[in-house]
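# What the coordinates show
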Amino acid sequence: MTHIITHVAAALLTLAAANPPAAAPPKVITTTEDLASLVREVGGDKVTVDSLAKGYQDPHFVEPKPSFILKLHDADLLVAIGRELEIGWLPPLLTQSRNAKIQPGNPGYLDASAGARILELPTGQITRAMGDVHPQGNPHYWLDPDNGRTIAKAIAAALGQIAPADRAYFEQRYADFDRRLAEAQKRWAAAMAPYKGTKVVTYHRSWPNFTDRFGLDVIGYVEPKPGIPPSPAHTVDLMSEMKRQQVKVILVEPYFDLKTPEAIARDVGGRVLVLSPSVGGVKTATDYIALFDYNINLLTSTFKQVLGR
Amino acid sequence: MEFKGIVRVVALALVIGGAMTPASAGAQTAAAADQQLREAQAEVARLKQELDAIRAQYDARLTALEQRLAAIAATPVEAAPPPPPAAPSAPAAGSSKVFNPDIAVIGNFLGATGKNANSTQPTFGLNEVETSFQAIVDPYARADFFLSAGPEGLEVEEGFATFNALPGGLLLKVGKLRAQFGKVNTAHTHALPWTDRPLVTRNLVGGDEGISESGVSVSRLLNNSFMFLEATGEAYYGASAVFNSTARSKLAYVGRLRAYRDLTEGTNLDLGGSFAYGPSAAQPEVSIPEAAYSTRLIGFDATFRYRPLRRAIYRRFQARTELVWSQPRSDGAGGETAFGFYGGADYQFARRWYAGGRYDRAAHPFDAALVDNGGSLYLTYWPSEFSQVRGQYRRTNYGDGVTANEFLFQFLFSIGAHGAHVF
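Residues numbered from 1 in each chain as written. Chains lettered and ligands numbered in written order. Predicted model: local features only at pLDDT ≥ 70, side-chain atom pairs only at ≥ 80, totals over all residues. Heavy atoms only, no water.

Okay, the environment of A:V272 next. Residue and element names in this part refer to chain A. When you line up the elements, V272 lands in strand β8 (residues 271-274). For the pair formed by V272 and V201, sequence separation is 71 residues and the distance between their alpha carbons is 9.5 Å. When sequence neighbours within four positions are dropped, the list of residues in contact with V272 reads I250, V252, L258, P261, E262 and A265. (Helix = DSSP H or I, 4+ residues; strand = E, 2+ residues; numbered from the N terminus. Contact = heavy atoms within 4.5 Å.)

This brings us to helix α8 (residues 232-245) of chain A. All names here are of chain A. Taking 1.5 Å as the rise per residue, α8 with 14 residues should run 20 Å; its terminal C-alpha atoms sit 20 Å apart, in good agreement. Taken as a whole, α8 has its buried residues at H234, T235, L238, M239 and M242. Along the long axis of α8, the arc covered by the buried residues comes to 140 degrees, so they all point the same way. Exposed and oriented more than 90 degrees from the buried face of α8 are A233, V236, D237 and R244. On the buried face of α8, the contacting elements are β5 (199-202), β6 (217-221), β7 (249-252) and α9 (259-268). Just beyond α8, the residue with positive phi is Q246, at close to 55 degrees. (Expected span 1.5 Å × (residues − 1). Buried < 20%, exposed > 50% of the residue type's maximum accessible area, 1.4 Å probe, protein only. Arc of directions from axis to C-beta.)

Residue and element names in this part refer to chain B. Looking at chain B as a whole, the pLDDT averages 85, with 80% of positions reaching at least 70. For residues 9-27, every residue scores under 50 in pLDDT, and the model assigns this stretch two contacts once sequence neighbours within four places are set aside. Between residues 75-94, whose pLDDT stays under 50, and residues either more than four places distant or in other chains, the model counts nine contacts. (pLDDT = per-residue confidence, 0-100.)

In this section: the packing of helix α5 (residues 145-162) of chain A against helix α6 (residues 167-192) of chain A. Residues and elements named next belong to chain A. The geometry of α5 relative to α6 is characterised by a closest axis approach of 9 Å and an angle of 175 degrees between their N-to-C directions. Of the possible angle classes, the one that applies to α5 and α6 is roughly antiparallel. Here P145, D146, G148, R149, A152, K153, A156, L159, G160 and Q161 of α5 lie close against α6, whose contacting residues are R167, F170, Y174, F177, D178, L181, A182, Q185 and W188. Per-class residue counts for the contact of α5 with α6 are ten nonpolar, four polar and five charged. (Axes fitted to C-alpha atoms, helices over the stretch in contact; angles between N-to-C directions. Parallel < 35°, antiparallel > 145°, perpendicular 65-115°, else oblique. Nonpolar A, V, L, I, M, F, W, Y, C, P; charged D, E, K, R; others polar.)

Residue and element names in this part refer to chain A. Relative to each other, α6 and helix α10 (residues 288-307) sit at 5 degrees, their axes nearing to 10 Å. In terms of orientation, α6 lies roughly parallel with respect to α10. Contacts between α6 and α10 involve F177, R180, L181, A184, R187, W188, A191 and M192 from the first element and Y288, I289, F292, D293, I296, L299, T300 and F303 from the second. Taken together, the residues of the contact of α6 with α10 break down into twelve nonpolar, one polar and three charged.

For the rest of this paragraph, the subject is the sheet that holds strand β2 (residues 48-51) of chain A. Residue and element names in this part refer to chain A. Read across the sheet, four strands follow the order β2-β1-β3-β4 without closing on themselves; strand pairing throughout is parallel. Because the sheet does not close on itself, it has two edges, and the strands there are β2 and β4 (109-111). Strand after strand, the sheet turns through a mean of 20 degrees between neighbouring axes, direction not considered. The strands touched by helix α3 (residues 66-73) are β1 (27-30), β2 and β3 (77-80); relative to β1, the strand with the most contacts, the crossing angle is about 140 degrees. Along the sheet, α5 makes contact with β1, β3 and β4, crossing β3 at roughly 165 degrees. (Pairing = 2+ DSSP bridges.)

All names here are of chain B. Taken together, the side chains of Y253, L263, L269, L271, F275, Y277, I298, F300, W325 and F339 define a hydrophobic patch exposed on the protein surface, amounting to about 850 Å² of accessible area. For the nonpolar patch, the elements supplying multiple residues, two or more each, are β9 (267-279) and β10 (293-306). Residue contributions to the nonpolar patch peak at four residues, all from β9. As for its placement among the helices and strands, W325 is situated in strand β11 (residues 316-330). On the basis of relative accessible area, W325 is assigned to the partly exposed category, the value being 34%. (Patch = residues over 30% accessible without salt bridge, like charges linked within 9 Å, V, L, I, M, F, W, Y side chains within 5 Å. Areas by Shrake-Rupley, 256 points an atom, 1.4 Å probe, with all protein chains shown as cover. Salt bridge = Lys/Arg side-chain N within 4 Å of Asp/Glu carboxyl O.)

Let us look at the sheet that holds β5(A). Residue and element names in this part refer to chain A. Strand order across the open sheet formed by four strands is β6-β5-β7-β8, with parallel pairing between neighbours. Since the sheet does not close on itself, it has two edges, and those belong to β6 and β8, each with one partner. In this sheet, neighbouring strand axes are inclined to one another by 35 degrees on average, regardless of whether the strands run parallel or antiparallel. Bridge count for β5 against β6 is four bridges, and the pairing is parallel. Looking across to β6, one finds that V200 is bridged to V218. Packing against the sheet, α10 makes contact with β5, β7 and β8, and its axis sits at approximately 170 degrees to β8.

Attention shifts here to the pairing of β3(A). Residue and element names in this part refer to chain A. Of the two faces of β3, the one carrying L77 and V79 and the one carrying L78 and A80 are both buried. As judged from the three bridges shared by β1 and β3, these two strands associate in the parallel manner. Residue pairing in the sheet places V28 in a bridge with L77 of β3. Handedness of the crossover joining β3 and β4 through helix α4 (residues 90-96): right-handed. (Right-handed = clockwise from strand over helix to strand, strands pointing away.)

Within this structure, the stated rule accounts for three cavities of 30 Å³ or more. Approximately 70 Å³ is the volume found for the largest cavity. Looking at the largest cavity, the residues that line it are A:D58, A:H60, A:F61, A:D132, A:H134, A:H204, A:E223, A:G227, A:Y255, A:F256 and B:R351. Along the lines of polarity and charge, the residues of the lining of the largest cavity split into three nonpolar, four polar and four charged. For the second largest cavity, the full set of lining residues is B:F181, B:V184, B:N185, B:V200, B:T201, B:V205, B:E322, B:V324 and B:Y342. (1 Å grid on protein atoms, 1.4 Å probe; cavity = no way out; pocket = protein on both sides within 12 Å on 5 of 7 lines; lining within 4 Å. Points joined across faces, edges and corners; volume = space filled by probe spheres on them.)

This is how it looks when you write it as structure tokens:
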């Protein structure tokens, strides 16, 4: 009897070894659509990916819904923007995810900001009187394509760690993305070159990396301080400053009310542009490269009309 | 071989030596000197040219600088530039400070006007100062402490460790906790949409303190593709206005099942059923000698939320209700079931403004015939995530015949770490 059991067990073991169950592709959850797009670029069809926030949503104010707990519960990798962008909603979700793999400090947690070029790192005393300042620097850093490359590289490394069998695949996909991004960057730089130094106003401090990379000069914000809605006094000051410096373009994220920016634009004879700070912010910004294509096309066509060159 | 080698080297040296002797150069000397002179002249000419170019460059830069100086002198003197920022006060990496927990303090200033014979609430009162300390303990757990200082002194509102790396998808909390009975009981006072707790909570679920006891809480997700389903089981050593453990064997138990589903991208429905059982803390006015009393609570809660993602910071609607049945029983006789509920809704109509209303109705435990009811209208102004001003008109008809019309107001202000919003 024991003999038979041993044989059967041996046969089963052999079978199991011969036909290992097809491993499900690693499940990646990202906090934003931009990160999800970069995971898609690098992970291809060897991973599944889903984002918690939508591209047309303010990433500072996402509701930590229980449905997100379900997504995080069986994730193999969580990619977050970091720099306290998600501080208001991600920590309780992580605690309730009941998933040790994706807790900070483990290989399943990737803070995408490590290695990226971070701007507006505050120095000196920081207080909340300055508004909702980010003590670890401006978290909208993905809007610099060079940072997008850095993030993609980090994602490729993280994926290689959780799915070592596909490491070469991820590296090859990263190399391909890197090449396409470099080509696109040449295109964007050429398109924006004539507008170097053009002065603009933005609603929130979402664009320092973008404007720095493409040579725009931000002279003011619709918000008097980060996270503080526009006040009448600040709006009047901003209008006179825009007139003085002949600034005609206001850049707004899709989740802000357009009433104040449009009133300002009417007063100064300028234009409001709803740019997309994230993939999925508008329908045509379907992936990371398309996001910049959309924003740069919109900017250059508007500059042509407004500046007449 | 060696000899041949030496001969070869000596011969080579002789040839080189011969080439360098002036005698062998002869007539070539004059031509070479001429060549050297021409080269030197060319070099001097090149240097002169370079010097001229540098001088021209410097002249141009000097002129530009002079022009800029003149322009600056011509413009009116602006305010002195701000002094350079102080040395960065970033936490010193590697020091023990980086392991300090996140600390926040929330002040809850409450005021009341109008008449209420059944209330002792003062006109002004710093009702509560809640201090929180929150941090990750180790790779297996995090800890959250909430100390509440109020008119009655300092107490631990909650203080627990959460183990989130357990096998089997379990989440374990150990410490002093607000019991997972319904919605209002789990919420800290400053997180409520009102300045007060509803009548049903005050009468049947432990008043302002609620059911907050020492014990353990285990919860698990019931995996399915249709909805979020979470089951929680808890055991407490009762020390609240509802439960009171008089012996080690007399614990209070709480069970809850929560179901949540996104209906659309911007709407969702949250349903919960709760059950609590334990030794009664309260006793009827006419008690049966030697009788042991127990209390059973059954609760049902429903919340519907609407928040359009694109306009999430401007618009939000939330409707909620909570129903509670309380059944106190004694060994000698059964108990009467007291029922209570509240229902209400809030609407955010601008980025900083919320308005809402609530209807309350609740009987008293041990005397289900005594029913209080009332209603509230409230308006909240929200300058930022860190402060809030709220006014609430409340009318209450107590079961004992007292009617109260009050205006309550609240200022909430928080400092310290950015607390995450609890859903």
